[in-house]
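# Chains, contacts and geometry: an overview
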Amino acid sequence: MKKVKDSSEILIIAEIGINHNGDINIAKKLIDGAIFAGCDAVKFQKRTSELCVPEEYKDVKRETPWGVMSYLEYRKRVEFGEKEYDEIDAYCRNKGIIWFASAWDVESQLFLRRYNCEYNKIASAMLTHKKLVESVADEGKHTFISTGMSTMKEIEKVVDIFRKLECPFELMHCNSSYPMPDDQANLRIIALLKGKFKCNVGYSGHEVGLIITCAAVALGATSVERHITLDRSMWGTDQAASVEIIGLYRLVKHIRTIEIALGDGVKRVTPQEEKEKKRLRKVIDL
């Protein structure tokens, strides 16, 4: 399996998140879709519902495909536990694709340690959770840090923690709107973050369509993460901002083409140009 720490190739992450709706079979179909599309990794989200749901929302009623239930019950319904993650771990290892997850609380991060995943992830919503950030950085694994909803000062504090604990990391430019309007992408932030923090910077996108992600790659993103779904009309908060499998396939193809087209930045006359040069340049005065 490819390790981004040792590769200049862009790592393409298919974010399954909670788009499985608590169904392990849907999760497996999404993993298969990511493999079909040519992604390098799939990512999930892990929460301890009792810790992550605010007290004022726990008893709020919500309509779901499984009937009306409290928000806490709903969160538990869509959350995978040990049985499901054991299955995901075995399935991904058998299929030869990397998997990892973003934890939304320290207990969940400790839970994920048992699987010895290749990478860690700090979700944008968790960037200011100091105990969680320290828990992740303490593991020393290459960590993707999404920067949606964050000020430069907040990002700087997280970078300081990772550098103090000598944990390799990669920032990810992100706008945490679901879906994100095109005029809020602000892709020039990729270069800004690279210049300020002297590190690799990827892109985590929540837009509709593919072109903005492709532009992020052309502007130097070193990794890409997009939410994926079997059907954008499925029930769930993240489905509408996700990419269906055939779109994901196209996106991976576009990214790999852009990688090739970017080249190495060294100006040279190519062998093909040499042939045209002999044919077209009849007068050389220089």
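Predicted model only: the values in this text are computed from it and were never measured.

## Some remarks on the pattern of salt bridges
Proximity of charged atoms lets side chains of opposite charge pair with each other. Enumeration over the complete set of coordinates arrives at 19 salt bridges. We note a salt bridge from Glu 139 to Arg 113, for which the minimum N-O separation is 2.7 Å. With Glu 139 in the loop between α7 (130-137) and β7 (143-146) and Arg 113 in the loop between α6 (106-112) and β6 (120-122), this residue pair connects regions lying 26 residues apart in the sequence. Classification of Arg 113 by relative accessible area gives partly exposed; the value is 35%. Each of Glu 9, Asp 40, Arg 256 and Glu 259 takes part in salt bridges that share partners, so that together they form one network.

## Considering the packing of aromatic side chains
In this structure the tally under the stated criterion is 16 aromatic pairs. Between Tyr 71 and Tyr 74, the aromatic rings sit 5.6 Å apart at their centres with planes inclined by 45°, giving tilted as the arrangement. Placement of both Tyr 71 and Tyr 74 in helix α4 (residues 71-77) is noted, with a separation of three residues, approximately one turn of the helix. On the basis of an interplanar angle of 75° and a centroid distance of 5.6 Å, the ring pair of Phe 100 and Tyr 119 is categorised as edge-to-face. Placement of the pair is Phe 100 in strand β5 (residues 98-103) and Tyr 119 in the loop between α6 and β6, with a sequence separation of 19 residues. Using a relative accessible area of 0% as the deciding quantity, one classes Phe 100 as buried. Sitting over the face of the ring of Tyr 74, Arg 62 holds its NZ or CZ atom 4.5 Å from the ring centroid.

## Focus on the environment of Arg 163
Following the sequence through the fold, Arg 163 ends up in helix α8 (residues 152-164). Overall, the relative accessible area of 41% leaves Arg 163 in the partly exposed class. The sequence separation of Arg 163 and Ala 137 amounts to 26 residues, and the corresponding C-alpha distance is 8.8 Å. Setting aside residues no more than four positions away along its own chain, Arg 163 makes contact with Phe 169, Phe 197, Lys 198 and Cys 199.

## Focus: the environment of Asp 238
Of note, Asp 238 is situated in the loop between β10 (223-229) and β11 (243-244). The sequence separation of Asp 238 and His 142 amounts to 96 residues, and the corresponding C-alpha distance is 26 Å.

## Quick look at the packing of helix α1 (residues 24-37) against helix α5 (residues 82-95)
Packed helix pairs are specified by the crossing angle of their axes together with the interaxial distance, meaning the distance between the axes. Here α1 crosses α5 at 25°, and the two axes come no closer than 11 Å. Considered as vectors, α1 and α5 are oriented roughly parallel to each other. Two packed elements cross with a definite hand, and for α1 against α5 that hand is right-handed. Touching Ile 24, Lys 28, Ile 31, Asp 32 and Ile 35 of α1 are Glu 84, Glu 87, Ile 88, Tyr 91, Cys 92 and Lys 95, all from α5. Of the residues assigned to the contact of α1 with α5, the class counts are six nonpolar, no polar and five charged.

## A short note on the packing of α1 against helix α11 (residues 245-262)
Where α1 contacts α11, the two axes come as close as 8 Å, and the packing angle between them is 30°. With respect to each other, α1 and α11 are oriented roughly parallel. The chirality of how α1 crosses α11 is right-handed. In this structure, α1 contributes Gly 33, Ala 34, Phe 36 and Ala 37 to the contact, and α11 contributes Ile 245, Leu 248, Tyr 249 and Val 252. Here the residues of the contact of α1 with α11 sort into seven nonpolar, one polar and no charged.

## Here's the deal with α1
For α1, with 14 residues, the first-to-last C-alpha span of 20 Å sits near the 20 Å given by 1.5 Å per residue. All of the buried residues along α1 are Ile 24, Ile 26, Ala 27, Lys 28, Leu 30, Ile 31, Gly 33, Ala 34 and Ala 37. On its buried face, α1 is in contact with β1 (11-17), β2 (41-46), α5, β10 and α11. Two to three positions downstream of the cap, the backbone nitrogen of Asn 25 sits 2.8 Å from a side-chain oxygen, assigning the N-cap of α1 to Asp 23. Positive phi shows up at Gly 38, right after α1, with a value of about 95°.

Cut-offs and rules
Each chain has its residues counted from 1, running along the sequence as written. For this predicted model, a pLDDT threshold of at least 70 governs which residues receive local features, and a threshold of 80 or more governs which side-chain atom pairs are given and counted, while totals over whole chains, interfaces and linings are taken from all residues. The side-chain quantities take in all heavy atoms of the structure and omit both hydrogens and water. We define a salt bridge as a side-chain nitrogen of Lys or Arg found within 4 Å of a carboxyl oxygen belonging to Asp or Glu. For helices the rule is a DSSP run of H or I covering at least 4 residues; for strands it is a run of E covering at least 2, with both sets numbered from the N terminus onward. Throughout, exposure labels follow a simple rule: accessible area from a 1.4 Å probe, protein chains only, divided by the maximum for the residue type, with under 20% read as buried, over 50% as exposed, and the rest as partly exposed. Pairs were defined over the aromatic rings of Phe, Tyr and Trp, the Trp ring being its six-membered one, requiring ring centres within 6.5 Å. Orientation was assigned from the angle between planes: stacked under 30 degrees, edge-to-face over 60, tilted for the rest. Charge-over-ring placement is defined geometrically: NZ (Lys) or CZ (Arg) within 6 Å of the ring centre, and within 35 degrees of the ring normal. Contacts between residues were defined by any pair of non-hydrogen atoms, one from each residue, lying within 4.5 Å. Note on definitions: angles span 0 to 180 degrees between N-to-C directions of axes, and those axes are lines fitted to C-alpha atoms, for helices only across the stretch in contact. For classification purposes, angles smaller than 35 degrees are called roughly parallel, those larger than 145 roughly antiparallel, those between 65 and 115 roughly perpendicular, and all remaining angles oblique. Two helices cross in a left-handed way if the nearer one is turned anticlockwise from the farther one by less than a right angle. They cross in a right-handed way if the turn is clockwise. Here the term charged refers only to Asp, Glu, Lys and Arg, the term nonpolar to Ala, Val, Leu, Ile, Met, Phe, Trp, Tyr, Cys and Pro, and the term polar to all other amino acids, Gly among them. For a helix, the expected span equals 1.5 Å multiplied by the number of residues minus one. We call two N or O atoms a polar contact when they sit within 3.5 Å, provided that within protein one can donate a hydrogen and the other can accept it, with sequence-adjacent residues counted only if both atoms are side-chain atoms.

Everything listed here is a matter of geometry and, on its own, says nothing about what the molecule does.
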